[in-house]
Protein chains: 2
Amino acid sequence: MSNTFQPYLAKLGEAIENEPFGQHPKELYEPIRYILKLGGKRLRPMLALLAYQLGKDDWESILKPAMAVEVFHNFTLMHDDIMDEAPIRRGQPTVHKRWDENIAILSGDAMLVKAYDLLLDVEPKLLPAIIHMFNKCAVEVCEGQQIDMNFERRSDVTVEEYLEMIRLKTAVLLGMSLRLGGTLAGLPQKDTELLCTFGEKIGVGFQLKDDLLDVFSDKKKFGKQVGGDIIANKKTFLLINALKIAEGETARILTDWIAKKDFDKEQKVKAVTAIYEQLAIRQLTDKVIQDYFDQGYQALASIDIPDSRKAPLKEFADYLYHRDK
Amino acid sequence: MSNTFQPYLAKLGEAIENEPFGQHPKELYEPIRYILKLGGKRLRPMLALLAYQLGKDDWESILKPAMAVEVFHNFTLMHDDIMDEAPIRRGQPTVHKRWDENIAILSGDAMLVKAYDLLLDVEPKLLPAIIHMFNKCAVEVCEGQQIDMNFERRSDVTVEEYLEMIRLKTAVLLGMSLRLGGTLAGLPQKDTELLCTFGEKIGVGFQLKDDLLDVFSDKKKFGKQVGGDIIANKKTFLLINALKIAEGETARILTDWIAKKDFDKEQKVKAVTAIYEQLAIRQLTDKVIQDYFDQGYQALASIDIPDSRKAPLKEFADYLYHRDK
């Protein structure tokens, strides 16, 4: 991430470090500190802070509500990891592995409440609107996760359904983070709406980039197994499109790999990646990512604020677009 | 429950029935409607409505925030049932049995968010105080549940620790429900504090009564297996006190029954109940229940409002005190 963002990241890190979530019983609170310390890019609170700066300069005054979106995001990770039976998150054991499932359920519940607690640190008159937008986003994220789980049992997921699922599961939280920042800065509603659109569009692009990087990325930079989605038959944008486009022998080979119970992982990744290349899935995905980011940039451009003030947000979106890990 | 309360219960039932939690995906929303339809005594929203009536008459105007505490309570049941591996709740399969654990986790999460959504239906100026009291209560309930789970692995739980656990797990929500009602009615803070104390005291008494009824109740009225806590070695107020008081041969027999892996359930219930009788645990528990209710009544009496207005709340507490199921 560029140097522009270091002061924000530093203050966010400090605020998270210093937040006294609670002490007793330790089984409830240690997992909260643990998952928040695993790091990550702090994208969502960054978006809130940068959106705030469209209207006001004193971004340090909204660190707590900005943290709320990070705490909420990590709550969803803690519960999703149970549901996905994921053993590792950011190179470390997941909470339900390091402790147990009950602790991960309950500690996650407490985390969701703590997110609401952090939201209380806003002007009282703004609170109803903020709780409302937060609730709407939070249930949509739950809907997205459930739809994603439902996809596991389906073989007929369409591209449109997939895009709607990732909008709910991932993009609405980016949109809400931006809307939160804009609302706290007192921007007019038409601008906070545009910020939300900006966030949802780049959010979908961001998730599609994730799908792409899982297959086409430098192993050293990526930090996790390249091709993990292929091995697990995860219904990503790439696979759904490949299944839609492939014909004849190619279609047969692809569905064979998906059906295989016993296989060499490396061989499967290589074979399916070759099919993606053959079907130009990479180019297709790149094009769709660009479309989503373009739509996002368009929304940002429509906000009636000088470009100089919007520059950091634009730079942040560019960073998300160009990231290679 | 006496006829005094039927109009409230009827309106609450209607409001819960008509609340459109959401539709898609159905795996997220059906469990919410399912668990809320299992019924229960709606104690917590009843307390909110009755507390509101200390100050104002139009109790139908606060049905939504009153429902929030019922939705929250059922969220905790949905997640607790996963953690406790409970197959049955109110004679029906629990959500994680009827659907699966992942659905119970996620649907519970959505339910918690929906509780916050219902709280939005209050005067905006009251919202910060209401979200604050709700958050405080919600994390305390989580703390209570975690402490309860920790007790399962301990054999040295003291009476004081047990009382604090049930205060957190059960009583604070009764206290908060009353405080919520009083706050919405615009009562002064000293009175909402007293309402909260009233609720916490009768809440502890209520849970102790639960412990007692599990052992000493009429099977037909009780609706679940009498002695379930004894069979499961659950550390209730009765068992903790029996372990503390028992000496010599009695202590040996009691600890033997606790240690036994293979036993006839009926025989164990009979034997442990006999020990409780012998040690006068029933009388001891009755006395402590009475003390807690008395402390609660004292707090209620200290509220500077005519007794006639407080009569329904007093009657409701009497009902909780005298219940036999």
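Everything below is about the structure shown above.
Residues numbered from 1 in each chain as written. Chains lettered and ligands numbered in written order. Predicted model: local features only at pLDDT ≥ 70, side-chain atom pairs only at ≥ 80, totals over all residues. Heavy atoms only, no water.

Section: the overall build of chain A
Phase 1 of the analysis: From N to C terminus, chain A includes 16 helices and two strands.
Phase 2 of the analysis: Computed over its C-alpha atoms, the radius of gyration of chain A comes to 20 Å, within 12% of the 20 Å expected for a compact globule of 325 residues.
Phase 3 of the analysis: For the C-alpha atoms alone, the extent of chain A along its principal axes is close to 60 × 50 × 35 Å.
Phase 4 of the analysis: Every one of the 325 residues in chain A was classed for burial, and the buried ones make up 58%.
Phase 5 of the analysis: In chain A, 74% of the contacts between residues at least 6 apart in sequence involve partners at least 24 apart.
Phase 6 of the analysis: When the accessible surface of chain A is split by element, carbon and sulfur atoms take 49% of a total near 14,000 Å².
Phase 7 of the analysis: Separation between the mean location of the 44 positive side-chain charges and that of the 50 negative ones in chain A comes to 2 Å. (Helix = DSSP H or I, 4+ residues; strand = E, 2+ residues; numbered from the N terminus. Rg over C-alpha atoms; globule rule 2.2 N^0.38 Å. Buried < 20%, exposed > 50% of the residue type's maximum accessible area, 1.4 Å probe, protein only. Contact = heavy atoms within 4.5 Å. Areas by Shrake-Rupley, 256 points an atom, 1.4 Å probe, with all protein chains shown as cover. Lys, Arg positive; Asp, Glu negative; His and termini not counted. Charge placed at Lys NZ, Arg CZ, Asp CG, Glu CD.)

Comments concerning the packing of aromatic side chains
Residues and elements named next belong to chain A.
Phase 1 of the analysis: According to the stated counting rule, one finds 21 aromatic pairs over all chains in the structure shown.
Phase 2 of the analysis: Aromatic side chains Phe 5 and Phe 316 sit 5.1 Å apart centroid to centroid with 85° between the ring planes, which places their arrangement in the edge-to-face category. Of the two residues, Phe 5 is situated in the segment before α1 (6-18) and Phe 316 in helix α16 (residues 307-322); the sequence distance between them amounts to 311 residues.
Phase 3 of the analysis: Residue classification places Phe 316 among the buried residues on the basis of a relative accessible area of 0%.
Phase 4 of the analysis: When the centroid spacing of 5.0 Å and the interplanar angle of 65° are considered together, the rings of Phe 293 and Tyr 321 count as edge-to-face. One end of the pair, Phe 293, is in helix α15 (residues 281-301); the other, Tyr 321, is in helix α16, and 28 residues separate them in sequence. (Phe/Tyr/Trp six-rings, centres within 6.5 Å; stacked < 30°, edge-to-face > 60°.)

Description of the relation of the copies chain B and chain A
Phase 1 of the analysis: With an RMSD of 0.0 Å, the fit of chain B onto chain A corresponds to turning through 180° and sliding 0.0 Å along the axis. What the rotation and shift describe, once combined, is the action of a two-fold rotation axis.
Phase 2 of the analysis: Comparing interface residues between copies, 100% of those in chain B also lie at the interface in chain A; the contact surface is shared. (Least-squares fit on C-alpha atoms with pLDDT ≥ 70 in both.)

Considerations on the nonpolar core
Phase 1 of the analysis: Counting 242 residues, the largest nonpolar core has Phe 198, Leu 208 and Tyr 276 of chain A together with Phe 198, Leu 208 and Tyr 276 of chain B as its most contacted members.
Phase 2 of the analysis: If near-sequence neighbours (up to four positions away) are discounted, Leu 208 of chain A is found in contact with Tyr 162, Leu 163, Ile 166, Phe 237, Thr 285, Val 288, Ile 289 and Tyr 292 of chain A. (Core = buried A, V, L, I, M, F, W, Y, C linked by side-chain atoms within 4.5 Å.)

Comments concerning a negative patch on the surface
Phase 1 of the analysis: On the surface, a cluster of negative charge is contributed by Asp 84, Glu 85, Asp 100, Glu 101 and Glu 152 of chain A together with Asp 84, Glu 85, Asp 100, Glu 101 and Glu 152 of chain B.
Phase 2 of the analysis: Residue classification places Glu 101 of chain A among the partly exposed positions, given a relative accessible area of 34%. (Patch = residues over 30% accessible without salt bridge, like charges linked within 9 Å, V, L, I, M, F, W, Y side chains within 5 Å. Salt bridge = Lys/Arg side-chain N within 4 Å of Asp/Glu carboxyl O.)

Comments concerning the interface of chain B and chain A
Phase 1 of the analysis: Opposite the 38 residues of chain B that make contact, chain A presents 38 residues.
Phase 2 of the analysis: Ranking the residues of chain B by area buried against chain A places Leu 106, Val 113 and Gln 146 of chain B at the top, with a combined share of 16%.
Phase 3 of the analysis: Here chain B and chain A share one salt bridge between them.
Phase 4 of the analysis: When the shortest N-O distance is used, the salt bridge between Glu 27 of chain A and Arg 153 of chain B registers 4.0 Å.
Phase 5 of the analysis: Counting across the chain B and chain A interface gives 10 residue pairs in polar contact (both at pLDDT 80 or more).
Phase 6 of the analysis: Tallying contributions element by element places helix α7 (residues 127-152) of chain B first for the side of chain B that touches chain A, with 14 residues. (Buried area = accessible area lost by both parts, 1.4 Å probe. Polar contact = N/O pair within 3.5 Å; in protein donor to acceptor, adjacent residues only side chain to side chain.)

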